[in-house]
Amino acid sequence: MLQSLTTSSVPLPAFGSWRQAANVCGFTIEPVFRDAGIMTSESTAPMKVPPLNLFKAFSMCVERAKGHHFPFALGDSFVFEHFAEFDAFIASCSTLREMLELANWARELLAPWMIVHLDEFGSEAHLRVEMAVPDPDPRALCHVREVALSAINQLIRRATKGSRWLLSVRVASTAPSHQQQFTQHFGVPVFFGESADALVMDRRWLDMPLNAFVPEVHNQARMMIERRMTREVGERRLVEEVRWALERRPELLRDGLEATAAALALHPRTLQRRLQAEGIKYVDIQSQAKCQRAQTMLKRRAISMESISMELGFSDRRAFTFAFKRWTGLSPSAYRDQLGQISR
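What counts, and at which threshold
- Every chain is numbered independently, its residues counted from 1 as its sequence is written.
- Two thresholds apply to this predicted model, a pLDDT of at least 70 for residue-level local features and 80 or more for giving and counting side-chain atom pairs, whereas whole-chain, interface and lining totals are computed over all residues.
- Hydrogens and waters are ignored; side-chain quantities use all the structure's heavy atoms.
- In this text, helices come from DSSP runs of H or I with a minimum length of four residues, and strands from runs of E with a minimum of two, each type numbered from the N-terminal end.
- Partly exposed residues are those whose accessible area sits between 20% and 50% of the maximum for their type, while under 20% is buried and over 50% is exposed, using a 1.4 Å probe and protein chains only.
- Note on contacts: a residue pair is in contact if any heavy atoms of the two residues lie within 4.5 Å.
- With residues, only the protein chains shown are counted as cover, and all accessible areas are computed by Shrake-Rupley using a 1.4 Å probe.
- Salt bridge criterion: a side-chain nitrogen from Lys or Arg within 4 Å of a carboxyl oxygen from Asp or Glu.
- By the criterion applied in these results, polar contacts are pairs of N or O atoms within 3.5 Å in which, for protein atoms, one can donate a hydrogen and the other can accept it, and in which residues neighboring in sequence qualify only through two side-chain atoms.
- When DSSP finds two or more bridges between a pair of strands, those strands are recorded as paired.
- Each aromatic pair joins two rings of Phe, Tyr and Trp (for Trp, the six-membered one) with centres within 6.5 Å, and gets the label stacked for planes under 30 degrees apart, edge-to-face for over 60, and tilted for any other angle.
- Angular values range over 0 to 180 degrees, each being the angle between N-to-C directions of two axes fitted as lines to C-alpha atoms, with helices fitted over their stretch in contact.
- Roughly parallel covers angles under 35 degrees, roughly antiparallel covers those over 145, roughly perpendicular covers 65 to 115, and oblique covers all other angles.
- A crossing counts as left-handed when the near helix is turned anticlockwise from the far one by less than a right angle, and as right-handed when that turn is clockwise.
- Amino acids are sorted into nonpolar (Ala, Val, Leu, Ile, Met, Phe, Trp, Tyr, Cys and Pro), charged (Asp, Glu, Lys and Arg) and polar (every other residue, Gly among them).

Draft legend 1. Geometry of the overall build of the protein. Looking only at helices and strands, the protein features 17 helices and seven strands. A buried classification covers 51% of the 344 residues belonging to the protein. A separation of at least 24 residues holds for 68% of the contacts in the protein among residues at least 6 apart in sequence. When the accessible area of the protein is evaluated, it comes to approximately 16600 Å², of which 52% is carbon and sulfur surface.

Have a look at this one:
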């Protein structure tokens, strides 16, 4: 999470995409960046700018756009500029579920304020976008969220070769004045005032074959990304790897340390030792992940307490209730009642 909007800097990914989106919207990007206090550069690496300047640029672009909504134009234009290995990874992924691993790398290298969660509810899968930015301008952040939804939609549409994979879009904010442009852009029902921003798909899409799997190409792309991660970010804390694995593969919540170690290609003792070196126990990470997953599932009234208990690996509803009350101070029923109007 960004610690300070005034002192920290974040990457400005895909400057070429900004330029192309501005052209589509009838203006040039350089004067906007200059007025927002962003010094442009044709460097081979992404520029870094203060978040406040970046959000200001978003708002100015929206104001200057003609005939198009700038965040959607930017999302549709987005490419992994300077990150050819990302495109190689997407092209070599055999399923969308596998491709979603890219979200964690992109957050570390390109968008530290953005977290993409995969929530699976019965026949649906939700790609939920969370913005981990302290005290931003709500209007500017709204535009950033629109770009994120549009860019993810475009990348998956490209990976699925134009298939109509999207069922609906959920937006946390109230309906804006450009509400109609959402429906026109995404081509599916769009619901506002939801509990989170999310792209909703048929869950079966996650594991449908995308490409003929070529292990050599895929492994080479992964290795190139890992090298860049080591070079630009440094060695990632293992605790984040474990959290990501538990979030991406909910079935691991029912199992123990051994299953997660296998998913991370580590020996169980190695995983345990490295987590201890980082000052945390596996059982604590798993409990946090179970709590988060439970809270997400409780937002859907159609999911029974028994189903939640089973998915999280509890022996019965009573054991789940006891654990959830220990985590949150509320019973699952009381927590669900507090949510009020549940998202559609």
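Draft legend 2. Structural detail: the pattern of salt bridges. On inspection of all chains with the given rule, the structure shows 18 salt bridges. Among the ionic pairs, Arg222 bridges to Glu101, the shortest N-O distance being 2.8 Å. Here Arg222, found in helix H10 (residues 215-232), pairs with Glu101, found in the loop between helix H6 (96-99) and helix H7 (102-109); they are 121 residues apart in sequence, far enough to count as distant. Across the pair Glu306 and Arg317 runs a salt bridge whose closest N-O atoms are separated by 3.4 Å. Of this pair, Glu306 sits in helix H15 (residues 305-311) while Arg317 is found in helix H16 (residues 317-328), placing the two residues eleven residues apart along the sequence. Take Arg317: its relative accessible area is 37%, and that puts it in the partly exposed class. Salt bridges linked by common partners bring Arg97, Glu120, Arg203 and Asp207 together as one network.

Draft legend 3. The side chain of Glu120, seen in detail. For Glu120, the location among the structural elements is in strand S3 (residues 114-121). Within polar-contact distance, the side chain of Glu120 engages the side chain of Arg97 at 3.0 Å. For Glu120, the side chain forms a polar contact with the side chain of Arg203, separated by 2.5 Å. When sequence neighbours within four positions are dropped, the list of residues in contact with Glu120 reads Arg97, Ala125, Arg203, Leu206, Arg248, Pro250 and Arg293.

Draft legend 4. Quick peek at the sheet that holds S3. Strands sit in the order S3-S4-S7-S5-S6 across an open sheet of five strands; the sheet is mixed. Pairing within the sheet leaves two strands with one partner each, and these edge strands are S3 and strand S6 (190-191). Bridge count for strand S4 (residues 124-131) against strand S7 (residues 197-202) is six bridges, and the pairing is antiparallel. Pairing of Leu127 across the sheet is with Leu199, part of S7.

Draft legend 5. Representation of the side chain of Ser17. Along the chain, the position of Ser17 falls in helix H1 (residues 15-24). When its relative accessible area of 0% is taken as the criterion, Ser17 is described as buried. Once residues lying within four places of it in the same chain are set aside, the contact partners of Ser17 are Leu74, Ser77, Phe78 and Val79.

Draft legend 6. Representation of the packing of aromatic side chains. Overall, the coordinates contain 18 aromatic pairs when judged by the stated rule. Aromatic side chains Phe27 and Phe70 sit 5.9 Å apart centroid to centroid with 45 degrees between the ring planes, which places their arrangement in the tilted category. Here the residue Phe27 occupies a position in the loop between H1 and helix H2 (29-35), and Phe70 occupies one in helix H4 (residues 70-77), the gap between them amounting to 43 residues. By relative accessible area, which is 11% here, Phe27 ends up buried. Owing to a relative accessible area of 0%, Phe70 belongs among the buried residues under this scheme. With a centroid separation of 5.6 Å and 80 degrees between ring planes, the pair formed by Phe72 and Phe186 is classed as edge-to-face. A residue pair is termed long-range when its members are at least 10 positions apart, and Phe72 in helix H4 and Phe186 in helix H9 (residues 179-186) qualify at 114 residues.

Draft legend 7. Spotlight on the pairing of S3. For S3, the tally of buried residues reaches eight of eight residues, placing the bulk of the element in the interior. Of the two faces of S3, the one holding Met114, Val116, Leu118 and Glu120 and the one holding Ile115, His117, Asp119 and Phe121 are both buried throughout. Pairing analysis gives eight bridges linking S3 to S4, with the strands arranged antiparallel. If you follow Phe121 over to S4, its bridge partner there is Glu124. The turn joining S3 and S4, which pair antiparallel and follow one another in sequence, is formed by two residues; a positive phi near 55 degrees is taken by Gly122.

Draft legend 8. Structural context of the packing of H1 against H4. Where H1 meets H4, the axes come as close as 8 Å, and the angle between the chain directions of the two elements is 130 degrees. In terms of orientation, H1 and H4 fall into the oblique class. By crossing handedness, the relation of H1 to H4 is classed as right-handed. Taking contact as the criterion, the partners of Ser17, Trp18, Gln20, Ala21, Ala22 and Val24 in H1 are, on H4, Phe70, Ala73, Leu74 and Ser77. When the residues that make up the contact of H1 with H4 are grouped by side-chain class, the tally is seven nonpolar, three polar and no charged.

Draft legend 9. Broad picture of the pairing of strand S5 (residues 166-170). With four of five residues buried, S5 is to be regarded as a mostly interior element. Strand direction decides the pairing type here: S5 and S7, joined by four bridges, are antiparallel. For Leu166, the partnering residue across the bridge sits in S7 and is Met201. As paired elements, S5 and S6 share two bridges and run parallel to each other. Bridged to Arg170 within S6 is Phe191.

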